[in-house]
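Fold and contact review
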Amino acid sequence: QVQLVESGGGLVQAGGSLRLSCATSGSISSIGTMGWYRQAPGKQRELVATITSGGSTNYKDSVKGRFTISRDNAKNTVYLQMNSLKPEDTAVYYCNANLRPAAYLWYVEYWGKGTLVTVSS
């Protein structure tokens, strides 16, 4: 059973930093693009950042220069370093991965359950 488990969320003051982690578990043959999405109360889920297996990254404009996505392919883990946090960054952050479970011939999209980030002003 493949699972994505996020950690690192919490309460932080504006201007502070947090580092989110997302670890995968289960029998996995390979992992493609991984990413972070977020959903604020009353809003739709939105892309924050993605990273390919080769390390190419993509960011939402409003987080460029403040957030950094990275991954450790040996650990099948993706990270999101968030600096200079703003109250508008408050949301539930979800990990996403396109991966090929063992014995599968195709890639499947998986989501974590989310971790809450609250930025106080």
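Residues numbered from 1 in each chain as written. Predicted model: local features only at pLDDT ≥ 70, side-chain atom pairs only at ≥ 80, totals over all residues. Heavy atoms only, no water.

Things to note about the layout of surface pockets
Put simply, the rule is: Only protein atoms enter the 1 Å grid, on which a cavity is a set of points fitting a 1.4 Å probe that cannot get out and a pocket is an open set with protein on both sides within 12 Å along at least 5 of 7 lines, lining residues being those with an atom within 4 Å of a point. Grid points are joined across faces, edges and corners, and a volume is the space filled by probe spheres set on the points. When residues are sorted by character, Ala, Val, Leu, Ile, Met, Phe, Trp, Tyr, Cys and Pro go into the nonpolar class, Asp, Glu, Lys and Arg into the charged class, and all the rest, Gly among them, into the polar class.
Taken as a whole, the largest pocket encloses approximately 170 Å³ of empty space. Surrounding the largest pocket, 13 residues form its lining, Arg38, Lys43, Glu46, Lys60 and Glu88 being those nearest its centre. For the lining of the largest pocket, the residue count by class is 2 nonpolar, 3 polar and 8 charged.

Observations regarding the state of the cysteines
For the record, the criterion: In plain terms, two cysteine sulfur atoms within 2.5 Å form what is called a disulfide here. Put simply, DSSP marks the helices as runs of H or I at least four residues long and the strands as runs of E at least two long, and each gets a number from the N terminus on. For each residue, the accessible area found with a 1.4 Å probe, counting protein chains only, is set against the maximum for its type, and the residue is called buried under 20%, exposed over 50%, and partly exposed in between.
Summed over the entire model, instances satisfying the criterion amount to 1 disulfide. A disulfide bridge connects Cys22 with Cys95, and the sulfur atoms are separated by 2.0 Å. Looking down the S-S bond of the Cys22 and Cys95 bridge, the torsion is -80°, so its handedness is left-handed. Taken together, the residues span a long stretch of sequence, with Cys22 in strand β3 (residues 18-25) and Cys95 in strand β9 (residues 91-101) at a distance of 73 residues. On the basis of relative accessible area, Cys22 is assigned to the buried category, the value being 0%.

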